[in-house]
Amino acid sequence: MPQNDSSAAPAWWQNAVVYQIYPRSFADSDADGIGDLQGIIEHLDYLAELGVDVLWLSPVYPSPHADNGYDISDYQDIDPLFGTLDDFDRLLAAVHGRGMKLVMDLVVNHTSDEHPWFTASRDGGPAGPMRDWYIWRPPRPGKEPGAPGAEPNNWGSFFSGPAWTHDEASGEYYLHLFARKQPDLNWENPEVRQAVYAMMRWWLERGVDGFRMDVVNLLSKDPALPDGPVPDHGSYGDGSASYVCGPRIHEFLAEMHREVLAGHPRRLLTVGEMPDVTIDEARRFTDPANRELDMVFQFEHVSLDLGPGGKFDPRPLRLTDLKVSLGRWQEGLAETGWNSLYWNNHDHARAVSRFGDDSPEHRVRSAALLATVLHLHRGTPYIYQGEELGMANAPFATIDDFRDIESLNHYREQIAAGADPEQVLAALRARSRDNARTPMQWDASAHGGFTTGTPWIAVNPDHRTVNAKAQRADLDSVFHYYRRLISLRHTEPALTHGDFRMLHPDDERIYAFTRHHAADGTELLVLANISGESVQVAVPDGWAGTETLLANVAAVEPLPARHTLQPWEARVHRRTAS
Ligand code: ISL
C-alpha cells in the first residue's frame, strides 16, 4: 500500500517527540556569531541522548533575513550563513544514522521580495507573465496611489502597519500579511502551486522526512479580498479574517497531499501552523480520511494571556481558562484527527517564564511540571531548543538589545503614537520573540559555548548556572527529567492512545487528568500544582497507594488518599485493571 494514505494503522509520529532547532541560535561552528549546520551536526549526540525522534529545522534557505529566514529568496539551496547543500546532506545522513528524522520548515504563504519570482512579478509590470504569481491590486477606487487609505483593503500586517505596499513603478499594491519584504504568493494561480509541489518533491528526494508548514491556513484568500476586521497587531482574533482558512484551503492542502505526499514510499510527517484555527477546522485538516495534514499547531492556549492589545498586552493567565481550552482540544480531536502539543517555539516568550516561575527557587521544578502536563496529553509533543534546560526569558535592557522585526516595528509604532518607552519595553521583555531566540546555553563559558565570536543576539547571562553541560551531569536537572518523559512516551502506550479526562476543572491551582487505555487496561493519573504554594488535593478513588511513574520532587512515596502537593509539584501515577 502506498504510504501516507493509510487511515487505519497508527502512524510512527503518534508516539514520537519532536525537537525544534532554530539554527541561527543553536550552535556556531565558524565563529561568525550565527549558528550553522555544522554546529548542529556537532550536537547531534546531545539530541540523541535526550531521546527525541524528530528534528524540525527552522528555515535554512537563502534569505535576506528580514524575518530571520522566514523570508526565503531561494527554496532549493542553503544560505551560506548556515553552510552548503553538502553540509545539509551530511547533517541529514548523521540524523538518520542516529535513528532520528528531519523535518523542514516550508514557508510558502510568502517569499522574500528578493526571490526571483517576486522581482519578475514586480518588474514585469501589470501585463507581465509573472504578475499573477503574487497578489497585486490597484488602489481603492477614487484614491490616488500611495495616498493615505488608498490600500486596496483594510487588512493589517501581523508585523504592524497595513498589509499592502505601494509599488511606485506600476501604481499597484502587493499584499503581505507579514513584513513588506514578505509578499504573499497567489495560491489561486496553478503555476505557483505546481512550483511549490515540485520544490517539496525535490526535498523529499533528498531524503527529508516531512514538513512543518508555516501559516499554512492563510494560503487561500477570497479573490474579492473583502475588507474585514483589521487583525490586531500580532494577536489572534476570532478566526473571522477572510484569509484564515479561506475558501479553497482544504482543496489546496488535499491537492498538495495528492501531488507530493501520497505516493511517497516513506511515511512522512506534516504539521501545519494555523493561527486562529478552530477545533472543527483542525479536525477536518487532520482527519486521515481527508488526506490533508497529520496535525496542526493551534494557537488558542497561547492566546489566553493576551489582552485586547494582542501579543504585547500581557495578562495573567487563569488556569481554569487554560484547562477549558486544552481540555476542549483533547476532546475535539479524540475520535478523529490528531493534536500537536507545545508551550514554546521561536515565536513565543520562554515557557518557564510565561507559564511557570523562573525564579531560582522554582525554575527547575516548574519547568519539569510544564513538561509533565504537556507531554502527558494526547498528541505529539514538541520541544523548542533550550526548553529541555528550563531556559528562561532574557534580561533585555534597552531596545538595542532586541533583534526581531516584530518587536522593533511594534516599538517604533508605539513610540510614534506617543507611548511611554518604558511601558513598551516592559511588554517586549515579557513577550518578545527574541526571548526564545537567545543562543542555546551549552556550558558556563563565555557566550555559553554557543560561539567563540560575537553572538548575533546576546546570550542570557544565566548561562553560568543554566546550561546543558551542568544539567547532563545532574540527574535532578530539567534535562534528565525530559529524558525520562520522552522515554515514557516510547514505552507507555497509554500516553499515546489513552483517552483523556480532565479532573478538578474548577480548581485555580491544580491541573489534574487521567489517560485511560482500554486496550491494555492501563490508566495514568497526572497531578500538578501550578502555584508557588502547597496545595492539598483529593486523590480520586482507587488511586491511593498506586505506583509512581514519574515525579519532579525527591520523595516519591506511595500516594495517600489526600495528598499535599508541594509548590510546582507534578507527579504521574499508573494503575492497571486486574
Ligand atoms: O509570532 C507571532 C506574533 O508574535 C505570530 O503572529 C506569527 O507571526 C505567526 O504565528 C506566524 O508565524 C510564522 O510565520 C511568520 C514568522 O515570522 C514566524 O516566525 C513563523 O513561525 C512569517 O513567516
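All values reported here derive from a predicted model rather than from experimental measurement. (Residues numbered from 1 in each chain as written. Predicted model: local features only at pLDDT ≥ 70, side-chain atom pairs only at ≥ 80, totals over all residues. Heavy atoms only, no water.)

Draft legend 1. Structural context of the overall build of the chain. Helix and strand content of the chain: 16 helices and 20 strands. Over its C-alpha atoms, taken along the principal directions, the chain stretches across nearly 75 × 55 × 45 Å. Within the chain, buried positions represent 61% of all 578 residues. For the chain, contacts bridging at least 24 residues in sequence account for 70% of all contacts bridging at least 6. Of note, the chain has its 52 positive side-chain charges centred 3 Å away from the centre of its 83 negative side-chain charges. (Helix = DSSP H or I, 4+ residues; strand = E, 2+ residues; numbered from the N terminus. Buried < 20%, exposed > 50% of the residue type's maximum accessible area, 1.4 Å probe, protein only. Contact = heavy atoms within 4.5 Å. Lys, Arg positive; Asp, Glu negative; His and termini not counted. Charge placed at Lys NZ, Arg CZ, Asp CG, Glu CD.)

Draft legend 2. Quick look at the site of the ligand. Among the 19 residues in the neighbourhood of the ligand, the closest are listed as D67, D214, K311, D347 and E406. Within the side chain of H110, one N or O atom sits 2.9 Å away from an oxygen atom of the ligand. When the ligand sits alone it has 490 Å² of accessible area, and the protein chains cover 100% of it. Looking at the shell around the ligand, its residues break down into seven nonpolar, three polar and nine charged. (Near = heavy atom within 4 Å. Polar contact = N/O pair within 3.5 Å; in protein donor to acceptor, adjacent residues only side chain to side chain. Areas by Shrake-Rupley, 256 points an atom, 1.4 Å probe, with all protein chains shown as cover. Nonpolar A, V, L, I, M, F, W, Y, C, P; charged D, E, K, R; others polar.)

Draft legend 3. Quick look at the domain arrangement of the chain. In terms of domain boundaries, the chain breaks down into domain 1 (18-111 + 188-397 + 461-481), domain 2 (116-175), domain 3 (398-431) and domain 4 (498-576). Contacts between the two partners involve 15 residues from domain 1 and, on the opposite side, 14 residues from domain 3. For the pair domain 1 and domain 3, the summed buried area comes to about 1400 Å², and 57% of that belongs to carbon and sulfur atoms. One can count two salt bridges joining domain 1 with domain 3. (Domains from an automatic or database assignment. Buried area = accessible area lost by both parts, 1.4 Å probe. Salt bridge = Lys/Arg side-chain N within 4 Å of Asp/Glu carboxyl O.)

Draft legend 4. How the structure looks around the sheet that holds strand β1 (residues 18-21). Strand order in the open sheet formed by eight strands is β9-β8-β7-β3-β2-β1-β13-β12, and the pairing between neighbours is parallel. What marks the edges here is a single partner per strand, and that holds for β9 (295-297) and β12 (340-341). Sheet analysis places β1 next to strand β2 (residues 54-57), joined by four bridges and oriented parallel. Within β2, the position partnered with Q20 by the bridge is W56. (Pairing = 2+ DSSP bridges.)

Draft legend 5. Region of interest: the sheet that holds strand β15 (residues 510-517). Ordered in space as β14-β15-β16-β20-β18, the five strands form an open sheet in which the pairing is antiparallel. Pairing within the sheet leaves two strands with one partner each, and these edge strands are β14 (499-503) and β18 (547-551). Averaged over all neighbouring strand pairs, the angle between strand axes comes to 20 degrees, with direction disregarded. The strands touched by helix α10 (residues 363-375) are β15, β16 (522-529) and β20 (570-576); relative to β16, the strand with the most contacts, the crossing angle is about 145 degrees. Of the strands in this sheet, β18 and β20 touch helix α15 (residues 478-491), which is tilted by about 130 degrees from β18. (Axes fitted to C-alpha atoms, helices over the stretch in contact; angles between N-to-C directions.)

Draft legend 6. The arrangement of the pattern of salt bridges in detail. Applying the stated criterion across every chain yields a total of 36 salt bridges. A salt bridge links D184 to K221, with the shortest nitrogen-to-oxygen separation between them at 2.8 Å. On the criterion of sequence distance, the pair formed by D184 in the loop between β6 (173-175) and α5 (190-206) and K221 in the loop between β7 (210-213) and α6 (249-261) is long-range, its members being 37 residues apart. As far as the burial class goes, D184 and K221 line up, both buried. Two residues, D347 and R437, come together in a salt bridge whose shortest N-O distance is 3.1 Å. On the criterion of sequence distance, the pair formed by D347 in the loop between β12 and α9 (351-354) and R437 in helix α13 (residues 434-437) is long-range, its members being 90 residues apart. Overall, R437 belongs to the buried group, its relative accessible area being 1%. One network of salt bridges, with partners in common, ties together D67, K311, D347, D404, E406, R433 and R437.

Draft legend 7. Representation of the pairing of β20 in the model. The sheet contact formed by β16 and β20 spans seven bridges and is antiparallel. If you follow L524 over to β20, its bridge partner there is R574. Across four bridges, the pairing between β18 and β20 is antiparallel. Pairing of T548 across the sheet is with H573, part of β20.

Draft legend 8. Spotlight on the side chain of H375. Mapped onto the elements, H375 comes out in helix α10. Those residues within four positions of H375 in sequence are excluded, and the remaining contacts are V17, P381, I383, Y482, L485, R489 and L495.

Draft legend 9. How the structure looks around the packing of helix α7 (residues 279-286) against helix α8 (residues 319-332). Relative to each other, α7 and α8 sit at 35 degrees, their axes nearing to 10 Å. You can see that α7 and α8 cross each other, and the crossing is right-handed. Where α7 abuts α8, its residues I279, A282 and R283 lie against R328, W329 and G332. For the contact of α7 with α8, the residue count by class is three nonpolar, one polar and two charged. (Left-handed = near helix turned anticlockwise from the far one by under 90°.)

Draft legend 10. Structural view of the packing of aromatic side chains. Enumeration according to the criterion identifies 27 aromatic pairs in this entry. With centroids separated by 5.1 Å and ring planes inclined at 85 degrees, the aromatic side chains of F26 and W442 adopt a geometry described as edge-to-face. Here F26, found in the loop between β1 and α1 (37-42), pairs with W442, found in the loop between α13 and α14 (468-472); they are 416 residues apart in sequence, far enough to count as distant. The exposure class of W442 is buried, given its relative accessible area of 7%. Geometrically, the ring pair formed by F297 and Y382 is edge-to-face, given 4.7 Å between the ring centres and 75 degrees between the ring planes. One end of the pair, F297, is in strand β9; the other, Y382, is in strand β13 (residues 380-384), with 85 residues separating them in the sequence. The burial state of F297 is the same as that of Y382; both residues are buried. Chaining the aromatic ring pairs together yields one cluster made of Y19, F26, Y46, W442 and F479. R24 extends its terminal NZ or CZ atom over the ring of W456, reaching a point 4.6 Å from the ring centre. Lying over the aromatic face of W136, R131 brings its terminal NZ or CZ to 3.7 Å of the ring centre. (Phe/Tyr/Trp six-rings, centres within 6.5 Å; stacked < 30°, edge-to-face > 60°. Lys NZ or Arg CZ within 6 Å of the ring centre and 35° of its normal.)

Draft legend 11. Region of the structure containing the side chain of N186. With respect to the element layout, N186 can be found in the loop between β6 and α5. The buried category is assigned to N186, whose relative accessible area is 9%. Here the side chain of N186 touches D132 through a polar contact of 2.9 Å, landing on its backbone oxygen. A polar contact of 3.1 Å, which involves the side chain of N186, links it to the backbone nitrogen of E188. Discounting residues that sit within four places of it in the chain, N186 has contacts with D132, W133, Y134, I135 and V192.

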